[in-house]
Amino acid sequence: MTAARGTDGVLVDRYGRVARDLRVSLTDKCNLRCTYCMPAEGLPWLAGSQLLSDDEIVRLVRVAVERLGVTEVRFTGGEPLIRPGVVGIVAAVAALEPRPRISLTTNGLGLDRLAPALRAAGLDRVNVSLDTLDAARFARLTRRDRLADVLAGLAGAAAAGLTPVKINSVLMRGVNDDEAPALLRFALAHGYELRFIEQMPLDAQHGWDRAAMVTADEILATLRAGAGPDTEAGLRPEAGPPTAADPHTGASLPRTGFDLTPDPAERGAAPAETWLVDGGPARVGVIGSVTRPFCGDCDRTRLTADGQVRACLFATEESDLRGALRAGADDDELARRWRAAMWGKRAGHGIDDPTFLQPARPMSAIGG
């Protein structure tokens with residue numbers, strides 16, 4: 001099979017994987033400074049002229065949907081809610097035929113205010129990042145005292161019908177690894193779906209340390225035991241997070257264990273392995289990108305805020321669509337370039353390979 005024959009109509013790679021899930025970064029900027037993502041002073045942001053315009057984003061998404069078989073679009077950042085045109089972009093994408101499923105990953109700041117407009121524009125659901133339920137710990141992790149705003153964003157999203165509302169949590173050893181049971185109890189109490197994500201080597205400081213990463217196996221063991229890995233493995237003498245109370249209601253979030261059974265539902269290309277909690281129907285997911293890679297089933301393609309196609313989150317190369325678009329390329333040419341970019345996708349991210357190189361761009365500049 002040649003690249004030309006193998007890429008007609010869809011975003012297929014040489015291993016037969018078809019990309020139907022498009023992640024679109026709306027900006028590289030963020031209004032938090034999470035310690036595992038970027039330094040306190042932030043990063044050198046892209047200049048306005050380097051960013052795709054709202055119309056350019058919509059055009060490239062249209063090419064992906066109408067010509068390349070994309071059926072799901074996820075808007076990311078940086079923090080996508082700080083993009084002034086986010087509501088209009090969502091509305092334009094929702095008007096495409098066939099209509100893709102549309103979601104958004106956010107840190108939750110301002111979501112309570114924007115949720116009704118986003119829902120009316122056509123957004124289907126949201127993922128909200130939340131790594132701790134303790135206000136002091138949140139301030140240390142994000143360098144901003146904004147936990148209350150994130151909680152308001154979660155509640156606002158649920159009230160607006162952006163369901164299922166999913167929470168993304170990253171656990172770090174010696175930082176917040178003792179909060180897994182409380183986070184799950186909080187999610188269950190409010191009808192949110194929790195996903196734990198293994199920390200990945202995508203920080204701007206290139207300080208990722210495998211030894212500091214809490215693995216999928218550790219997360220599951222902690223949830224089943226109802227106690228943090230610190231108390232089980234002697235990693236830290238303290239007996240839990242500073243608070244085990246629901247930050248919404250103040251009610252106790254007991255550190256009891258959970259009965260987790262494999263979810264019988266078909267996983268497909270979903271990054272999260274899911275388990276039924278105490279028999280269901282509630283579920284919890286773990287995205288083991290490092291220790292349980294799912295590269296063989298990956299169906300994602302990524303578009304950065306400055307118009308670069310990335311075949312993989314950990315790719316070290318990109319393909320420029322912005323230059324072609326601004327040089328007058330028609331939709332057929334843009335689709336051809338996109339197919340060519342995806343044809344070269346590697347079999348896996350290679351984190352365990354001794355030759356692995358962390359991408360030059362951090363997560364905030366790539367888009368999750």
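Residues numbered from 1 in each chain as written. Predicted model: local features only at pLDDT ≥ 70, side-chain atom pairs only at ≥ 80, totals over all residues. Heavy atoms only, no water.

*Asks:* Would you explain helix α8 (residues 216-225) in this entry?
*Replies:* Counting along an α-helix, one turn takes 3.6 residues, and residues three or four places apart therefore face a common direction. Listed as buried for α8 are Ala-216, Ile-219, Leu-220, Thr-222 and Leu-223. One side of α8 carries all its buried residues, which in axial view fall inside an arc of 160°. Taken from the residues just after α8, Gly-226 is the one with a positive phi, measuring 75°. (Buried < 20%, exposed > 50% of the residue type's maximum accessible area, 1.4 Å probe, protein only. Helix = DSSP H or I, 4+ residues; strand = E, 2+ residues; numbered from the N terminus. Arc of directions from axis to C-beta.)

*Asks:* Please clarify how the packing of aromatic side chains should be interpreted in this entry.
*Replies:* Given two aromatic rings, their pairing is described by the distance between the two centres and the angle made by the two planes. Under the criterion given, the structure shown has 1 aromatic pair. Ring geometry for Phe-186 and Tyr-192: centres 5.9 Å apart, planes at 55°, overall tilted. Its relative accessible area of 0% is what places Phe-186 among the buried residues. (Phe/Tyr/Trp six-rings, centres within 6.5 Å; stacked < 30°, edge-to-face > 60°.)

*Asks:* How should I be thinking about the packing of helix α2 (residues 54-68) against helix α3 (residues 86-94) in this particular structure?
*Replies:* Two quantities define a packed helix pair, namely the angle between the axes and the distance from one axis to the other. Here α2 crosses α3 at 25°, and the two axes come no closer than 10 Å. By the angle between their directions, the pair α2 and α3 is classed as roughly parallel. The element α2 and its partner α3 pack so that their crossing is right-handed. Taken together, the residues of α3 that come into contact with α2 (itself represented by Asp-54, Ile-57, Val-58 and Val-61) are Ile-89, Ala-92 and Val-93. Grouping the amino acids of the contact of α2 with α3 by side-chain chemistry returns 6 nonpolar, no polar and 1 charged. (Axes fitted to C-alpha atoms, helices over the stretch in contact; angles between N-to-C directions. Parallel < 35°, antiparallel > 145°, perpendicular 65-115°, else oblique. Left-handed = near helix turned anticlockwise from the far one by under 90°. Contact = heavy atoms within 4.5 Å. Nonpolar A, V, L, I, M, F, W, Y, C, P; charged D, E, K, R; others polar.)

*Asks:* Looking at this model, I keep getting lost on the pairing of strand β6 (residues 125-129). Mind explaining?
*Replies:* The side chains of a regular strand alternate between both faces of the sheet. In terms of burial, β6 is a largely internal element, 4 of the 5 residues being buried. Inspection of the sheet shows strand β5 (residues 101-106) paired to β6 by 4 bridges, in the parallel sense. Bridging across to β6, Leu-104 finds its partner in Val-126. As a crossover connection, the stretch from β5 through helix α4 (residues 111-121) into β6 is right-handed. Strand direction decides the pairing type here: β6 and strand β7 (residues 166-170), joined by 3 bridges, are parallel. Within β7, the residue paired with Ser-129 across the bridge is Asn-168. (Pairing = 2+ DSSP bridges. Right-handed = clockwise from strand over helix to strand, strands pointing away.)

*Asks:* Just checking my understanding: could you explain the environment of Trp-343 for this structure?
*Replies:* Counting through the fold element by element, Trp-343 comes out in helix α11 (residues 331-343). Accessibility expressed as a relative area gives 12% for Trp-343, which makes it buried. Expressed as a C-alpha distance, the spacing of Trp-343 and Tyr-15, which sit 328 residues apart in the sequence, is 8.6 Å.

*Asks:* Where do I start with the sheet that holds strand β11 (residues 283-287) in this structure?
*Replies:* Pairing between the strands of a sheet is mediated by backbone hydrogen bonds and can be parallel or antiparallel. The strand order across the open sheet formed by 12 strands is β9-β10-β11-β8-β7-β6-β5-β4-β3-β12-β13-β14, and the pairing between neighbours is mixed. Strands with a single pairing partner mark the edges of an open sheet, and in this sheet they are β9 (260-262) and β14 (319-320). For strand β10 (residues 273-277) and β11, the ladder comprises 4 bridges, and the chain directions are antiparallel. The residue bridging Leu-276 from the neighbouring strand is Arg-283, located in β11.

*Asks:* Where do I start with the side chain of Thr-27 in this structure?
*Replies:* Mapped onto the fold, Thr-27 is located in the loop between β3 (21-25) and α2. Reaching out from Thr-27, the side chain makes a polar contact with the backbone nitrogen of Lys-29 at a distance of 3.0 Å. (Polar contact = N/O pair within 3.5 Å; in protein donor to acceptor, adjacent residues only side chain to side chain.)

*Asks:* Just checking my understanding: could you explain the pairing of β11 for this structure?
*Replies:* When you tally the buried positions in β11, you get 4 out of 5 residues, the bulk of the element. In terms of strand pairing, strand β8 (residues 193-197) meets β11 through 4 bridges, oriented parallel. Considered in β11, the bridge of Phe-196 is made with Val-286. Following β10, the chain reverses through 5 residues before pairing antiparallel with β11; Asp-278 in that reversal takes a positive phi of roughly 50°.

*Asks:* Please explain the state of the cysteines as it appears in this structure.
*Replies:* Formally, a disulfide is one covalent bond, and it connects the sulfur atom of one cysteine to the sulfur atom of another. Counted under the stated rule, the structure contains 0 disulfides. The closest cysteine sulfur to the non-disulfide-bonded Cys-34 is located on Cys-30, 6.3 Å from its own sulfur. The exposure class of Cys-34 is buried, given its relative accessible area of 16%. In this structure Cys-312 is a free cysteine whose sulfur lies 6.2 Å from that of Cys-295, the closest cysteine sulfur available. We classify Cys-312 as buried; its relative accessible area is 18%. (Disulfide = S-S within 2.5 Å.)

*Asks:* Is there a simple way to think about the pattern of salt bridges in this case?
*Replies:* This structure, assessed with the given rule, holds 22 salt bridges. One salt bridge connects Asp-332 with Arg-67, and the closest N-O pair in it is separated by 2.3 Å. Highlighted residues: Asp-332 in helix α11 and Arg-67 in helix α2, separated in sequence by 265 residues. We classify Arg-67 as partly exposed; its relative accessible area is 34%. With a closest N to O distance of 2.3 Å, Asp-217 and Arg-292 form a salt bridge. Here Asp-217 is found in helix α8, whereas its partner Arg-292 is found in the loop between β11 and β12 (300-303), with 75 residues between them in sequence. Linked by salt bridges that have partners in common, Arg-59, Arg-62, Glu-66 and Asp-331 make up one network. (Salt bridge = Lys/Arg side-chain N within 4 Å of Asp/Glu carboxyl O.)

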